[in-house]
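# Examination of the molecular architecture
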Amino acid sequence: MNIPMEAVLALSGVLFVLGVLGVLIRRNAIVVFMSIELMLNAANLVFISFARTITPAEIGLSGQVMVFFIIAVAAAEVAVGLALIVTIFKAKKSIDVDQIHSLHG
Amino acid sequence: MFLEAQTNVLFQLAPWIIAFPLIGMIINIVFGQRLGERFVGAVASSAVGLAFVVAILQFVALQADSHGAHIPVAEWIAIGKLDASWTVRIDTLSATMMLMVTGVSTLIHIYAIGYMHEDVRLQGDPGRFTRFFVFFNLFVAAMMILVSADNYLMMFVGWEGVGLCSYLLIGFWYDRGEGGIANAVAGKKAFIANRVGDFGFLVAMFLMFTGAGSLQFDQAFTWAAGAGPEQAGLITAIALFLLLGATGKSAQIPLYVWLPDAMAGPTPVSALIHAATMVTAGIYMIARSAVLFGAAAGASQLVALIGAATALFAATIAVGQFDIKKVLAYSTISQLGFMLAAVGISAQVAGMFHLVTHAFFKALLFLSAGSVILGVEHGLHHQDGDHAGFNPNDMREMGGLRKRMKVTFAVYLTGALALAGIPPLAGFFSKDEILAEASHLFPLVYILLTLAAFLTAFYMGRQIFMVFFGKPRSSAAEHAHENPPLITMPLIGLAILAAIGGGLNLPGLHSLAGWLEHTLGHTHILEFNFQVAGISTALALLAIGLAWLLYGRKPMEKGAEDPLKRILGPVFSGIANKWWIDELYGVLFIRPYTALSTWLAEVVDWKFWHDWVHDSVIAKGFRGLTAWLSMDVDLKVIDAIADGIARLTGALSERMSALQTGYVRSYALSMFVGMVLLLSYILFV
């Protein structure tokens, strides 16, 4: 099955915009995190699609490596982020990002 | 070969001649006060005695190798062309001085142990005993530096060193004398008169460096000997300035005035410094610079004339003095005049010969005079009552001491006859050699010196008759008694030297001439001149006879006037008042100088510099400037700048902190907007 490149890039664009909107609009910290994951995966999708079409195939390999790298970093980031959210929840009994603003100037 | 090696070893010992007196001095400074007079005297005397031994070793070495040696001790000044080092120069001339100075010094040191023992007690201050010997050793060290110098600068160090010791020792009883200050004033006078001479020496050195480019003796002499006629003026100037130095140190016209006052020091000081050694430094220096003076004939003639004039002038003053030491002081000036005249007519050997014999008999005379004074002071303390106003130096208070102080009389007579030039004593040969040379080379000098020799015999006869003959003219003289052997033994030693010293350079043998020839180059040897010798001996005997007629035949009564006053009338008061030279100098130099310095101090320094320049101009101006700087510049400009920067930063940061809201979403939005802007810039621009 051959999916055209434009479709993949469009899907990726849609996912990325959804991610941005989620970060900017939603107030639940976990949802903000999920939106960040959405943006990361949109980027992964672009890497994958370009890696598949590029020649010679050896250069495309580096795109796939980059994807694994991003998945690993995203996992680490989620681990730290969730730990932070848990701690914040313990202190404030809430994970609403609009209520966490004690670092204002 | 063996002998040569040994000679070198002996020459290497030469620096010890300076070191021994210094070591003695240091030992006495450190331990002297604790270990007592016996120790101090022994250390000081043996230090000088060891120096004498070293001098004898140098003499022995010079017998084997008459060229002498230069023993470098240390580097000193090496700047550009100037290279002055501490080098001990051993040659026949310096060895002669070393032998004479250390030999006479040893005897005088031994004498001084006894003399100062009495003196510090009679004056009531025993604590000064140590200080005396410290200064005395320092003097010998400085004198050794002077005579062993290899360049003019090192000689100058010794020159100044002996001047310092002279000053310290003239003012040894600095709280005594007229008004409690006269001795200190005498020391100051000596120092200042010497400074005038030292100034001459310094200028001579500067000129010499300009011309010769070196202060080392041999180099300077080579330059002077080989200089062309265009350099003659410079050489003459050098010689004249050196002469000024010599007139200061050797007490010649016009700077002799300090030496009579220098008698304020203890008598061993007068004997050692102001008769035998230091005052001969000028003669030694001119003899050493014989080549320079040989190249400046005019200056040499002036040297001879000054010497002859001083010899006669001082001899006339000596005739009218009543202080036993003042007579000897003027006699010393006169005899130094003889020596200066001798080196002036380039009879260096005769000058050095007279220098050595004079050291013997004049040291003897001074020490004997000290013995007389001590004897009289003993007589004074023997009786009860008030002694204020009694001057133990006054010959009018003496008389008849011949029977009371037999040894002193015998040695005094020996010294006086030697000084008067009666054969076969030392003074006859040396003085006669000068007269013979002068009659040959410079008749005017000869006439002046012969007259001076006549007066010499007269004042010595007068002194002998006044002091030792007749009846005692005071109860102190009546109770005077002889001194212990520690004092009389050195006198006997010096008396023997004064008697046989003529043997150094007997006519026909000329041993001293042959000895000094190694250093001075060719010295012309004059045969014994019977005519000159006959005239001077006859004149001396005539003068002594005259003295007997006036003072011996009918001895002076107590309180009587000097018989010479009847004969000479107003001339005698001129003599007794030293021809008013001190007063003349007072009017000519001292009073204008004092007035000038008072004016400088009060008007220029105080009113102008202090009151006006400092207080009005500088202080007021500075206060105004600082007030303006602090009130206007600092407060209004500098502080305003600093405050402004602080306020600006505060205001800016207040506004900037509004950007930091603390809402994560607003940060994310800024990042998003920023990223969009960045990307649009990359994509579209």
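Along each chain, numbering runs from 1 in the same order as the chain's sequence is written. For naming, the first written chain is A and the first written ligand is 1, with later ones following in the order written. Confidence filtering applies because this is a predicted model: local features only for residues at pLDDT of at least 70, side-chain atom pairs given and counted only at 80 or more, and all residues used for totals across whole chains, interfaces and linings.

Our next topic: the overall build of chain A. Numbering of helices and strands starts at the N terminus; helices are DSSP runs of H or I of at least 4 residues and strands are runs of E of at least 2. Counting its secondary structure elements, chain A contains three helices and zero strands. Ordered by position in the sequence, the α and β elements of chain A form the string α-α-α. By its C-alpha atoms, chain A is 55 × 30 × 25 Å across when sized along the principal axes. Looking at the 105 residues of chain A, the share that counts as buried comes to 11%. Think of it as a crowd count around each C-beta: if 20 or more other C-beta atoms lie within 10 Å the residue is buried, if 12 or fewer it is exposed, and in between it is partly exposed, with C-beta placed from the backbone throughout.

Helix and strand counts for chain B stand at 27 helices and two strands. The quantity called the radius of gyration is restricted to C-alpha atoms. Its globule counterpart is 2.2 Å times the number of residues to the power 0.38. In terms of overall dimensions, chain B is more spread out than a globule: its C-alpha atoms have a radius of gyration of 36 Å, far above the 26 Å expected for 685 residues. Each principal axis of the C-alpha atoms in chain B carries an extent, and together these give about 140 × 70 × 55 Å. Taken over 685 residues, chain B has a buried fraction of 51%. Two residues qualify as a contact pair if the distance between their C-beta atoms, derived from the backbone, is within 7 Å. For chain B, the proportion of contacts with a sequence separation of at least 24, taken over those separated by at least 6, is 81%.

All names here are of chain B. For the pair helix H6 (residues 182-212) and helix H7 (residues 217-226), interaxial distance at closest approach is 10 Å and the crossing angle is 65°. As summarised for this structure, H6 and H7 are arranged roughly perpendicular, according to the angle between their axes. Considering how the two elements wind past one another, H6 and H7 form a crossing that is left-handed. Between H6 and H7, the residues in contact are Met 208, Gly 211 and Ala 212 and Gln 219, Ala 220 and Trp 223, respectively. Interaxial angle, 0 to 180 degrees, is taken between N-to-C directions of lines fitted to C-alpha atoms, where a helix line uses only the stretch in contact. For classification purposes, an angle smaller than 35 degrees is called roughly parallel, one larger than 145 roughly antiparallel, one from 65 to 115 roughly perpendicular, and anything else oblique. Two helices crossing with the near one rotated counterclockwise from the far one by less than a right angle form a left-handed crossing, whereas a clockwise rotation gives a right-handed crossing.

Okay, the confidence of the model for chain B next. Per residue, pLDDT captures the predictor's confidence, and it can take any value from 0 to 100. For chain B, per-residue confidence averages 89 on the pLDDT scale, and 98% of positions sit at 70 or higher. Taken together, the chains of this predicted complex give a pTM of 0.77 and an interface ipTM of 0.86.

Right, let's get into the interface of chain A and chain B. Every contact between the two is made by 10 residues of chain A and, on the other side, 12 residues of chain B. Class assignment of the residues belonging to the side of chain A that touches chain B gives a composition of five nonpolar, four polar and one charged. Three classes are used: nonpolar for Ala, Val, Leu, Ile, Met, Phe, Trp, Tyr, Cys and Pro, charged for Asp, Glu, Lys and Arg, and polar for all others, with Gly counted as polar.

All right, on to the confidence of the model for chain A then. Residues with a pLDDT of 70 or more make up 98% of chain A, whose mean pLDDT is 90. For chain A, the element scoring lowest by mean pLDDT is helix H3 (residues 57-92) of chain A, at 91; helix H1 (residues 5-25) of chain A scores highest, at 93.

In this section: helix H8 (residues 232-249) of chain B. Residues and elements named next belong to chain B. To estimate the expected span of a helix, subtract one from its residue number and multiply by 1.5 Å. In this model, H8 (18 residues) spans 26 Å end to end at C-alpha, consistent with the 26 Å of a helix rising 1.5 Å per residue. Burial in H8 covers these residues: Ile 235, Ile 238, Ala 239, Phe 241, Leu 242, Leu 243, Leu 244, Gly 245, Ala 246, Thr 247, Gly 248 and Lys 249. Residue Ala 251 follows H8 closely and has a positive phi angle near 55°.

Turning our attention to the pairing of strand S2 (residues 82-90) of chain B. Residue and element names in this part refer to chain B. Where strand S1 (residues 69-79) meets S2, eight bridges bridge the pair, whose relative direction is antiparallel. From the neighbouring strand, Ala 74 faces S2, where its bridge partner is Trp 86. Counting the residues that bridge the hairpin from S1 to S2 gives two residues, and of these Gly 80 lies at a positive phi of roughly 60°. In this description, strands pair whenever DSSP reports at least two bridges between them.

Residues and elements named next belong to chain B. Looking along the chain, the bond that leaves Ile 253 and enters Pro 254 is cis, with omega of 5°. Tracing the backbone shows Pro 254 in the loop between H8 and helix H9 (258-261). Note that the residue after Pro 423, namely Pro 424, is joined by a cis bond; omega there is 5°. One can find Pro 424 in the loop between helix H17 (406-420) and helix H18 (426-441). Its identity is not glycine, yet Trp 580 carries a phi of approximately 55°, on the positive side. In this structure, Trp 580 sits in the loop between helix H25 (570-576) and helix H26 (581-657). Overall, the presence of 12 C-beta atoms within 10 Å leaves Trp 580 in the exposed class.

Time to look at the packing of helix H3 (residues 92-122) of chain B against helix H22 (residues 511-520) of chain B. Two measures define how a pair of helices packs: the angle their axes make with one another and the distance between the axes. Residue and element names in this part refer to chain B. It is at 7 Å that the axes of H3 and H22 come closest, and there the two elements cross at 125°. Viewed along their axes, H3 and H22 adopt a mutual orientation that is oblique. In this structure, H3 uses Thr 92, Leu 93 and Thr 96 to contact H22, whose residues at the interface are Trp 515, Leu 516, His 518, Thr 519 and Leu 520. Tallied by class, the residues present in the contact of H3 with H22 amount to four nonpolar, four polar and no charged.

Turning next to the nonpolar core. All names here are of chain B. Formed by 229 residues in total, the largest nonpolar core has its most connected members in Ala 341, Ala 363, Leu 364, Leu 449 and Ala 498. For this core, the element with the highest residue contribution is helix H15 (residues 348-382), accounting for 20 residues. Excluding its chain neighbours within four sequence positions, the residues that come into contact with Leu 364 are Val 411, Gly 415, Leu 491, Leu 494, Ala 495 and Ala 498. Here, a nonpolar core denotes buried Ala, Val, Leu, Ile, Met, Phe, Trp, Tyr and Cys residues that are linked to one another through C-beta atoms within 7 Å.

In a regular helix each residue adds 1.5 Å, so 21 residues correspond to 30 Å; H1(A) covers 30 Å between its end C-alpha atoms and thus fits that length. Listed as buried for H1(A) are A:Gly19, A:Val20 and A:Val23. Axial view of H1(A): buried residues confined to an arc of 95°, hence all on one face. Turned more than 90 degrees off the buried face of H1(A), the exposed positions are A:Glu6, A:Ala7, A:Ala10, A:Val14, A:Leu21 and A:Ile25. Looking at the buried residues of H1(A), the elements they touch are helix H2 (29-53) of chain A together with helix H27 (664-684) of chain B. Working note: the arc is built from the helix axis to C-beta atom directions.

Turning to the environment of B:Ala251, a few remarks are in order. All names here are of chain B. Within the secondary structure layout, Ala 251 lies in the loop between H8 and H9. A residue is classified by how many C-beta atoms lie within 10 Å of it, and Ala 251, with 32 of them, is buried. On a C-alpha basis, the gap between Ala 251 and Ile 333 in space is 6.0 Å, while along the polypeptide they are 82 residues apart. When near neighbours in sequence (up to four residues on either side) are disregarded, Ala 251 contacts Tyr 256, Trp 258, Leu 259, Val 279, Ile 333 and Leu 336.

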